Every structure is written in structure tokens, then in C-alpha cells.
Amino acid sequence: QVQLVESGGGLVQAGGSLRLSCAASRSIFGSNAMGWYRQAPGQQRELVATISSVGYTNYADSVKGRFTISRDSAKSTVYLQMNSLKPEDTAVYYCTVETNLGPRYWGQGTQVTVSS
């Protein structure tokens, strides 16, 4: 069974930074793309960033220049470094295993709250 465990969420003031981590099963980490989604209250879940198995990245326009997705094969972990946080970044953030057809597996989510 694939397991994805997010951590690193919390409360931060606008302009601050957080780094989210997603520890993944070793069996799938090395051969799959990974991603981060987020969902704010009353809003649709949206894609934040993806990273392929060989390191190619993609970002939502709203986070380009502020967020960085990366992966560490030795730790089977994907990260989302979030800088210059804005109140509109407040959401539950989910780690995913990505395919060409979209997310296949989901983590439990971690709350990020940005105060103004």
C-alpha cells in the first residue's frame, strides 16, 4: 500500500515561510511524479506544483516565484518550500502521487494558515 505522510504545516504571518514535507513509500517514490494540491474552505481543490521522477517541475501561476517543489530520493521525501506567503495561500495542502491522468494517491493533508 502506498503511504504519503505530510508534515510542516502551521500558522505563519504574511510574508513568512514554511516548508512542507511528504514522506512517501520507497516503492513508488523513485518511479513516479509527485505533487502538491491545496484546498481552501468552500473552494475547489487546486494543483499547486508537481515534480517528475527526473526533476521536472510545474507550478500554478499563483505560486510561481514564491514556492519551490523538490524531492530527495535518499529520504523518499518531496518538499514544498513556501516563501512570501499570502493570506490567500491558506488551505489544507495535500501530497499526491501523480500520473499523466492526474493524482493517483493522496496524503492526509496538512493545514497552512497565513495571517494578515
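I will try to describe carefully the structure that is included in this document. Along each chain, the written sequence defines residue order, and numbers are assigned to residues from 1. At least 70 in pLDDT is required for a residue's local features to be given in this predicted model, at least 80 for side-chain atom pairs to be given and counted, and no such filter applies to totals for whole chains, interfaces and linings, which use all residues. With hydrogens and water stripped out, all remaining heavy atoms of the structure feed into the side-chain values.

### Structural notes on the sheet that holds strand β1 (residues 4-7)
And then number 1: Any two strands with at least two DSSP bridges between them are considered paired. A run of DSSP states H or I qualifies as a helix once it reaches four residues; a run of E qualifies as a strand once it reaches two. Both are numbered from the N-terminal end. Taken together, four strands build an open sheet; the order of strands is β1-β3-β8-β7 and the sheet is antiparallel. A strand with exactly one partner marks an edge of an open sheet, and here the two such strands are β1 and β7 (67-72). Within the sheet, the average angular offset between the axes of one strand and its neighbour, ignoring direction, is 15°.
And then number 2: Pairing of β7 with strand β8 (residues 77-82), which is carried by six bridges, proceeds in the antiparallel orientation. Bridging across to β8, Ile69 finds its partner in Leu80. Axis definition: a line fitted to C-alpha atoms, limited for helices to the stretch in contact. Angles are taken between N-to-C directions and run from 0 to 180 degrees.

### Topic: the side chain of Ser52
And then number 1: Structurally, Ser52 can be placed in the loop between β5 (46-51) and β6 (57-59).
And then number 2: Classification of Ser52 as buried rests on a relative accessible area of 19%.
And then number 3: Any two residues whose heavy atoms approach within 4.5 Å are treated as being in contact. Ignoring anything within four residues of it in the chain, the contact list for Ser52 reads Asn32, Ala33 and Arg71. Three exposure classes are used, based on accessible area relative to the maximum for each residue type with a 1.4 Å probe and protein chains only: buried under 20%, partly exposed in between, and exposed over 50%.

### Here's the deal with the environment of Thr50
And then number 1: Within the secondary structure, Thr50 is located in strand β5.
And then number 2: With 16 residues separating them along the chain, Thr50 and Met34 place their C-alpha atoms 5.6 Å apart.
And then number 3: Discounting residues that sit within four places of it in the chain, Thr50 has contacts with Met34, Gly35, Tyr56, Thr57, Asn58, Ile69 and Glu98.

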